[in-house]
Structures are given as C-alpha cells and as structure tokens.
Amino acid sequence: MRSFEIFVEPELARSRPEILGTEPAPIPAKAPAHRRGAMPPFGDREARRNEVLDLFIHGANVTARVTERHASCVLRDLAWALADLVRVPRGKRIVRFYEDAWELCVERLAESATLSVYRGGAEPTVLVYDREVVFEEVCASVVEALDATLARHPASSLVATELVEARRVLEAARADKCEINEPVPPSSTVAVDIDRDAPISFAAEFSMRPGPQDAAALEPSVERADLHALLVRGRMRAEIRGRSIDLGETYPFLFAERLLDLGSRGLDAWERGQPFFARVEAGGVMVGLRASAAEGSGLPPAALTITPAADDAQKRDRTVSTFPELSLFDVVEAALAFGRALVRALVRRDRTQGGNLRLAAFRRDVRTIGDTLREVRRQDARINPAPESYRAFAHQVRAKQEAATLGGPPSTAAARLRYVQRWRALVPGIDLRSTFLCGDKLIIGAALETFCLERTTGELVWRKPTPRAASVVTPAGIARIAPDGTIELHDFATGDVTLRSWIAPRAGGPCAGAVVNTAGLPKLLIVTEGDKHLVAIDLTSGEARWRYAWGRASTFSHQGALGQHGALRLKRVGKLLYVASGDSALTAVDVQTGAVVWRVRDRLRFCAAPAVDHDTLFAVAGGASSAATLHAIDPYSGQPVWSARLPSSPCTVEGPPLLTARSVAVAVRDRRGLRLSAFDRETGAPLFHTDTPVAPVGTSWLAVDDLLVGNTPTGDLVAVDGDRGGVRWKHALGSTLDSDVPRKLEPVLRSGALFVPHTDVQIFRPSDGAHLGTVGPCDAIPDLLRVDERCDVYVAEESGHMVAFGAGPRLSLVR
C-alpha cells in the first residue's frame, strides 16, 4: 500500500449529502484575497457533474469531512505545486480549496514529505498535521489521478486542456529532478516558560523545524498568510493560583488565538456593564470564561474552567478544572503574556515568520488589547483644586450673552408669521455639512467649488474652486480641512486663502473640533489630528499652539465589539474643552494650554457629548447597547455631584442629555421606539420613565423651557412635559415618503418661535403648540434649515436646490 493516494471521482461514486449540479459554483466576489487570486474553476459553461476529492494517507481518508465540488481544480493546483517541489530538495507549497477555507500543505523533506490538511479562518480545524509520506509516491499518485480524471472529460474541454498541461509540467519536472545532497535540518525544542509571579500563567514546549529556504519562501517583497507554519504541536500546562494543570498535546498558537479572543470579549462585556459567559475550543483544550456584571471599585470577578485536550496515547481522563475566584484582568493579562512569549519564541526560531500575515494579525491584536487593558485599569481621575478662575470666566461670558439676548429682536411667538420667497439657486453637488449662515453672507460648499451669496438678494459675492473637505466657521473665515491634513482659511469677503497650515491626516474617523472665539482668549481652531490627538491651530499665525493625546489610539473589532465607538465628542464652555473619546474617561482640557484640568473615570464608556448648563455638566457613560449611567459633575472642578443608573439596561442612548428648567432627560431606544428617562437636576432623583415609547427612533429633540419637543421622521411633532413625562401637545404634520424625510430633523428656536422641518417648514409656539405659520410654498425638502436673527428662513435640499424666504410684516394686537 502506498503512503499516499488521491482520487477525484464523480459525486455519484461516493455517498455525499450534496445536491448534484450542472455547473460549478463561482467563487464569491467577497472571497478571501488568497482565493480570489487562485485560478478559477474550469469552464463555467461546461455542463458536468460535481466531483469529490479523496486523500488517503496510510490508508485513512483524511478528507472525508471536506466538501469540495471543484476537485479537478484542486488536483490541477496540487500538480503545479508538486512540480515546483520536485526541483528543490526542501520546500513547502500550500494548495487552497475552493468551497471552504480548507488548505492542503505539502512540505518536502528530501526523499520524504509531510502532509497537513486544515481549515483556516477565525476557528481553525486541523484534520491532519505533518503526516509523513514518501514524496515520490505523492507525485505518482497525482499523475494517476490526472489520467483518471482526463479519461472522464472530452479532450477538447477546458478541463482536459488544463489538466494535460499540469501533467506535462509535473512529468517534465520529475524527469529533471534535483539531486539530494543536503541533509534535512533537525527539529529543535522551543519552550515558553511559566511566569511564577503571575496569578495565571501558561507554558508550552514543542518542536519546530527551520523554515524552507527555497526562493519562493524567501521573497522579501511578498508577505503571505501561512497558518501551517504556526501549527506547531506540543505539550502545554497552566499554573493558576499555585495549582498546576497538564493541558495535554495541543496547538499552542491556536490556543493563544482563541484565549486572547475569549478574554477580549469578556473585557468588552465588562466595559458594557453586561455579564459574560462563553466556552471555546482552543487548539483542543476547552476553555470557559464567566464574568459577572457586578459593580464595584475592586477588580472584576471572573471564573475560568479548563478541560485538557484528549490524549488517546495515555488514555487520560479529561478532568474539568474550575477556578471561581479570579480577576478578569488577570485572565486577559495571562492571555497577553502567553501570546507575547509565543510570538517571540516563534520569530526567534524562524525569522521568516516576521512576514507571516497570520502572525502579524495576532501581534496587532495583542498590542491593541494590551492598550485597552491598560486604559481600563488606569486610576488617573483628577479633581481641579482651583476651579474658581474657570468658573468666574464662564459666568462673565454667560452674563454678556444674557445681556445681548435681552437687547435682541422682540419675540414673534405671539404673532402669526407670513413668508414670501426672495430668491432660489441651484448648487450642483452641494455639501450640506459645509453650508453656513455667516452674518450677511451665505457660504455654500460643493463638490468642486465654494460659493458665497448675499443672504438678502442671493447675488453671488465670490466663488472659488475647492476640493471637498470638512469645513468650519471661524472668526477669521471659513477653515477647510482636507483629507490629507491641509488646512486653508478662506476670507469671508473675497474667498481668498489667507492662511495655510498642515496637520497629520485622520484615518480613524470623521474630523471633529471646536472654535475658540471669546474675548480674553486666543483665536484657536481645535481639530483632531491623526488617530489620537487634538491640535490647537492659532488662527493668527497658523502655528500649532498645543497638542493633546487622548486614550487609546483606535478601537479593536472582535466580533464587531468596539469598532463603532471611535468617534470623538467635544464640547467647549468658557476656557474648558470637554473631551469624550469613546473610552472610560471624560476629560476637561484648558483651551489655552492643552493641559488636563480634571478627569472623571467610569467603568462604562463616554460615547456621547456632554451637556453643560450653568454650574453642572451632565454626561452619559455607556448607553451603546450596554448599561448606562447619567453623571452630574461640577464643570470646573470635576467633582462628581451625583450619578444615576438608567432603568432599562442594556440600552442605547440617542443624543446628549436634554436639559429643562428642573430636569435632565435622556432618550433611550428600544425595539418599538424611544422612551424618556428624566431625573431631578439637583439631586438625581428619578422623575419619570415612560413605560411606552413616546416617539419613533430617529426623532430629533429640543429642550424648550420645561418641554421636550421632538420632531419625528413619521411626520409628528410631540411635546413632552419635562417634569412629569406626559404629552403636553402633539401635531400631525402629515405622512411622508421615506425619500421626502429631511436629512436633519432638528427644530430651530428663534425669537420664541419653533421652526420645524418637514416636507415644508412649519412654525409653532412652544408653550402651547399653537400653529404660527408655514414657510412656503416650498418645493425643496428642508434637508438643511437655517433661520437668521430676523426670522428669515433658508432651506437647502440635498439635490442642490437652495431657497430663501423673507418674513413678511407681522400683525399684533394692541390693547
């Protein structure tokens, strides 16, 4: 009997639970890169039955569990791989299957060869590893399989053409095979030792051969994913709280991968305030992790269960070991330590593994999860011992703003409003996020140009060719931040560039920032730079005043766990900039120096922008499909005032906290819509939690006096009492098609009147919901709504239509 045999047979020749087809299934468009690059199956237009592949090693069918309908393609690729190996005394080739992520690895060792069959992906499966066979018998069996397959296909078919060429190349290589002059290098023992100082530690000992030295394997310009090189097999043991456990014969790298993934998911669940329990098979070892959602200032409790790998040679019983009183942080740290030590051992023994993409991805996960663990373990909360200077400055600015409000235009809430169209314009490729009302000018950004219009007449003041960029209004002009990090400041009057600066481009999320334009402070533009920095650009000189690094650089994405929380949220009040970067810290930064003034830490992540009113800051920690806590904090010292857990957990919070005269409310999403939870602003005592949804998901809220006014995407305007939770008034604006719903539904409060975007713009009095008028007729959907101090209305539609309306004379009753 040969040590290796291969058969390609029609599907009917062997009982397989598959459906016969006339065409091979095409490779999916989103298949992995190594499969997209492989030669496609033969003749998609050729009508033929599916084929199955059988590999026998020492008489055992090792591919009985593998479903492969394109067996001829695998046979062809194997013939080409063997033709390469015949020419070298030592080398390795990997043949990838087409139906699933199965791989066949052939490694030549002089006159012999080793075969491995395994499946890659997130959960690898090893069927055969390094089974030794005679290399010449492998080549002979492949030639016989080629002949048998050719006998079943017409000579003119594409199948036959490809197989004939593969057979010819393989036979030519066998006829001109190289001489074996060098011995096979022996395997060496590699050990990863126990860390006696750690409460949880893992060790491994395995044998490893040097990597192949053929030219294809040593090409420095190409990096490849090679799971086979990491499938070293050896004995492992664990030491947990002084107790040693023999884990048996296993695959240390697969164990390290799965343990790291398990620990990171448990850590993510703990950050979300949720319990966690999961069991995984890690290279043959069953590992279970349970972590509770209990709150407290101590270490998060966890329980670990380990079932050693089956050892048929010793007939050892797989006894389950349970360790109930551990720390989740210690489990994650043990996974990180073992992963780092294993990577060092593998690369030290075989330098070519530095270009292994599978190992590079694992090292990247180790670094990212290590950064995350350090971040959540930080105890760097800080209280500002001298908050009075910041408090006095904020009070002074607020007093000036209140004085300006008292001297502003009279309220229009008591009069009906009439509007007439003043002008309209068409802006191709309009960018609504780059459209601003700036004094007597309207700045409109587009895909290729930026326009400036006179707001009353609509006349063109200037136009400049500009690429698409993020834009922000500053006191010196329009600042445009390009994707490559270029910052250009355009003058309001002429559109000319008056200042240029450069920052590192941001790749980890959208650009965020704040503008400092207050008497007594320098004129600054504070924007995100790179992956983890804020930089303050002086609007006078263009120089960087300071640079601040926040939390972790980026969020890892295990099972999509943290990838959605990388957005930075900023809020500026007076001399302080409040930064919520999606981690467990809420930080106040001095806008003049960039110094950290205070910092608050929570177990949950601060993902939403805080809200500040007078002497209290309100921020939500969590609320991203997790538990959520509302914090009240002194905005100048960072001293916590009170905190309250939202009643529904886990939950998703929409938007920042909503502040009324007496309460602070939070909109919470559930499967049926949005609920409101309100708390007393002074004490944090619960005021109400609506039992049923008050509005659908996607509603935009605005707090007006003691009301919470919501504009819904379904065409309703609802006002909820901020103290009791009852609906004060409600208007049905009319049903709309999905395509007619404005992109932004935020109501605008101006001169005591509430301007509500719908298919048109409706105007209401907030106190009692009285209808004051309609802006129009307007055939443009108000995707963007702007209202100036004279209550003139400007509407922009995403299609590029821009319409301006002027308020007509108002009639009021004189008593």
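Along each chain, residues carry numbers from 1 onward, in the same order as the chain's sequence is written. Residues qualify for local features only when their pLDDT is at least 70, as the model is predicted, and side-chain atom pairs are given and counted only at 80 or more; totals for whole chains, interfaces and linings, by contrast, use all residues. The basis for every side-chain value is the complete set of heavy atoms in the structure, and neither hydrogens nor water enter the calculation.

Quick look at the overall build of the chain
Part 1: Helix and strand counts for the chain come out as eight helices and 52 strands.
Part 2: Residue burial is assigned from relative accessible area. The probe radius is 1.4 Å, only protein chains are included, and a residue is buried under 20% of its type maximum, exposed over 50%, and partly exposed in between. A burial count over the chain gives 53% of its 815 residues as buried.
Part 3: Working rule for contacts: check all heavy atoms of both residues, and any pair within 4.5 Å makes them a contact. Here the contacts in the chain between residues at least 6 apart in sequence split such that 53% fall between residues at least 24 apart.
Part 4: When the accessible surface of the chain is totalled, it reaches about 36,100 Å², and 51% of it is carbon and sulfur. Secondary structure counts use DSSP, requiring at least four H or I residues in a row for a helix and at least two E residues in a row for a strand, with both numbered from the N terminus. Note on areas: these come from Shrake-Rupley sampling with a 1.4 Å probe, and a residue is covered only by the protein chains present in the view.

Observations concerning the pattern of salt bridges
Part 1: Definition used for salt bridges: Asp or Glu carboxyl oxygen within 4 Å of a side-chain nitrogen of Lys or Arg. One pass over the structure, following the stated rule, counts 56 salt bridges.
Part 2: Asp100 is the partner of Arg119 in a salt bridge, and the nearest nitrogen-oxygen pair spans 3.2 Å. One end of the pair, Arg119, is in strand β6 (residues 112-119); the other, Asp100, is in the loop between β4 (90-96) and β5 (102-109), with 19 residues separating them in the sequence.
Part 3: By sharing partners, the salt bridges in this structure join Arg422, Arg455, Asp788, Glu789, Arg790 and Asp792 into a single network.

Side note on the nonpolar core
Where a protein is soluble and globular, its nonpolar side chains tend to be buried together.
Part 1: The set of buried Ala, Val, Leu, Ile, Met, Phe, Trp, Tyr and Cys residues whose side-chain atoms join them within 4.5 Å is what this entry labels a nonpolar core. Core analysis: the biggest nonpolar cluster contains 63 residues, and Phe202, Leu247, Phe253, Phe255, Phe338 and Leu346 have the highest contact counts within it.
Part 2: Counting residues per element, this core draws most heavily on helix α6 (residues 328-349), at 14 residues.
Part 3: Residues within four places of Phe202 in sequence aside, it is in contact with Val192, Asp193, Ile194, Met236, Arg237, Ala238, Leu247, Phe255, Leu259, Ile306, Ala334 and Phe338.
Part 4: In terms of nonpolar packing, the next biggest core, distinct from the first, is built from 46 residues, Ala71, Val133, Ala145 and Leu163 among them.

Structural notes on the packing of aromatic side chains
Part 1: When two rings of Phe, Tyr or Trp (its six-membered ring) have centres within 6.5 Å they constitute a pair, described as stacked for plane angles under 30 degrees, edge-to-face for angles over 60, and tilted for the intermediate range. Across all of its chains, the model carries 10 aromatic pairs by this definition.
Part 2: With centroids separated by 5.8 Å and ring planes inclined at 80 degrees, the aromatic side chains of Phe7 and Phe56 adopt a geometry described as edge-to-face. You can see Phe7 sitting in strand β1 (residues 4-10) and its partner Phe56 sitting in strand β2 (residues 51-57), a full 49 residues away along the chain.
Part 3: A relative accessible area of 24% places Phe56 in the partly exposed class.
Part 4: Seen from their ring centres, Phe618 and Trp642 are 6.2 Å apart, and the 50 degrees between their planes marks the pair as tilted. One end of the pair, Phe618, is in strand β34 (residues 616-622); the other, Trp642, is in strand β37 (residues 640-645), with 24 residues separating them in the sequence.
Part 5: Residue classification places Phe618 among the buried residues on the basis of a relative accessible area of 0%.
Part 6: By way of ring pairs, the aromatic residues Phe202, Phe255 and Phe338 are connected into one cluster.
Part 7: Charge-over-ring placement is defined geometrically: NZ (Lys) or CZ (Arg) within 6 Å of the ring centre, and within 35 degrees of the ring normal. For the cation-ring pair, Arg233 lies above Tyr251, with the distance from its terminal atom to the ring centre recorded as 4.9 Å.
Part 8: Over the face of the ring belonging to Phe277 we find Arg290, whose NZ or CZ atom lies 4.2 Å from the ring centre.

A word on the confidence of the model for the chain
Part 1: Predictor confidence is given residue by residue as pLDDT, running from a minimum of 0 to a maximum of 100. Put simply, the chain has an average pLDDT of 86, and 88% of its residues get 70 or more.
Part 2: Considering each helix and strand of the chain separately, the mean pLDDT is smallest for helix α1 (residues 33-36), with a value of 35, and largest for strand β32 (residues 596-601), with 96.
Part 3: Note that pLDDT drops below 50 for residues 13-48; the model gives that stretch 74 contacts with residues more than four away or on any other chain.
Part 4: Per-residue pLDDT stays below 50 along residues 553-565; that stretch engages in 31 contacts with residues further than four places along the chain or on separate chains.

What to know about the side chain of Asp760
Part 1: With respect to the helices, strands and loops of the structure, Asp760 is situated in the loop between β47 (753-757) and β48 (761-764).
Part 2: For this count, His and the chain ends are skipped, Lys and Arg are scored as positive, and Asp and Glu as negative. Buried charge Asp760 goes without a salt bridge, the closest partner of opposite sign being Arg416 at 12 Å.
Part 3: Pairs of N or O atoms within 3.5 Å make up the polar contacts considered here, provided that, within protein, one atom can donate a hydrogen while the other can accept it, and that residues adjacent in sequence are counted only when both atoms are side-chain atoms. There is a polar contact of 3.0 Å between the side chain of Asp760 and the side chain of Gln762.
Part 4: Those residues in contact with Asp760 that sit more than four places away from it in its chain are Thr774, Val775 and Pro782.

Considering the pairing of strand β7 (residues 125-134)
Part 1: Of the pairings in the sheet, the one linking β6 to β7 comprises seven bridges and is antiparallel in character. By the bridge assignment for β7, Ala113 is matched with Val133. When DSSP finds two or more bridges between a pair of strands, those strands are recorded as paired.

Observations regarding the pairing of strand β44 (residues 716-721)
Part 1: Counting buried residues along β44, five of its six residues qualify, which places the element largely inside the surrounding structure.
Part 2: Bridging between strand β43 (residues 707-711) and β44 involves five bridges; their strand directions are antiparallel. Bridged to Asn711 within β44 is Leu717.
Part 3: Count of turn residues in the β43/β44 antiparallel hairpin: four residues, of which Gly715 carries a positive phi of about 95 degrees.
Part 4: Hairpin geometry of β44 and strand β45 (residues 727-732) is characterised by an intervening segment of five residues between the two adjacent antiparallel strands and by a positive phi of about 90 degrees at Gly725.

Examining the environment of Thr189
Part 1: Among the secondary structure elements, Thr189 is positioned in strand β8 (residues 188-192).
Part 2: On the basis of relative accessibility, which here comes to 54%, the residue Thr189 falls in the exposed class.
Part 3: Separated by 16 residues in the primary sequence, Thr189 and Glu205 place their C-alpha atoms 7.0 Å from one another.
Part 4: If near-sequence neighbours (up to four positions away) are discounted, Thr189 is found in contact with Glu205, Phe206 and Ser207.

Thoughts on the sheet that holds strand β50 (residues 784-787)
Part 1: Spatially, four strands are ordered β16-β52-β51-β50 in an open sheet, and the strand pairing comes out antiparallel. This sheet does not close on itself; its edge strands, each paired only once, are β16 (419-426) and β50. For this sheet the average axis-to-axis angle between neighbouring strands, irrespective of direction, equals 15 degrees.
Part 2: Relative to strand β52 (residues 801-807), strand β51 (residues 793-796) runs antiparallel, the two being bridged by four bridges. Looking at β52, one finds that Tyr794 is bridged to Ala804. Angular values range over 0 to 180 degrees, each being the angle between N-to-C directions of two axes fitted as lines to C-alpha atoms, with helices fitted over their stretch in contact.

Points about helix α2 (residues 71-86)
Helical periodicity: at 3.6 residues per turn, an α-helix aligns residues three or four positions apart in one direction.
Part 1: For a helix, the expected span equals 1.5 Å multiplied by the residue count minus one. Between its first and last C-alpha, α2 extends 22 Å over 16 residues, near the 22 Å set by a 1.5 Å rise per residue.
Part 2: Among the 16 residues of α2, 14 are classified as buried, and the element is accordingly described as predominantly covered.

Observations regarding the packing of helix α3 (residues 135-150) against helix α4 (residues 158-175)
Part 1: Across the interface, α3 lies against α4 with an axial gap of 10 Å and an inter-helix angle of 155 degrees. In terms of orientation, α3 lies roughly antiparallel with respect to α4. Note on packing geometry: the crossing formed by α3 with α4 is left-handed. Only Ala160, Leu163, Val164, Arg167, Leu170, Glu171 and Arg174 of α4 make contact with α3, whose side of the interface consists of Glu136, Cys139, Ala140, Val142, Val143, Leu146, Asp147, Thr149 and Leu150.
Part 2: Following the grouping adopted for this structure description, the nonpolar residues are Ala, Val, Leu, Ile, Met, Phe, Trp, Tyr, Cys and Pro, the charged ones are Asp, Glu, Lys and Arg, and the polar ones are all others, Gly among them. In the contact of α3 with α4, the residues fall into 10 nonpolar, one polar and five charged. Roughly parallel refers to an angle under 35 degrees, roughly antiparallel to one over 145, roughly perpendicular to one between 65 and 115, and oblique to any angle outside these ranges. In this scheme, a crossing is called left-handed if the near helix is turned counterclockwise away from the far one by less than a right angle; it is called right-handed if the turn is clockwise.

What to know about unusual backbone geometry
Part 1: Phi is positive for His58, which is not a glycine, with a value near 55 degrees.
Part 2: Following the sequence through the fold, His58 ends up in the loop between β2 and β3 (60-61).
Part 3: Exposure remark for His58: the relative accessible area of 45% places this residue in the partly exposed category.
Part 4: Of note, Asp705 is a non-glycine position whose phi angle comes to about 55 degrees, a positive value.
Part 5: Positionally, Asp705 belongs in the loop between β42 (700-704) and β43.
Part 6: A relative accessible area of 63% means that Asp705 is categorised as exposed.

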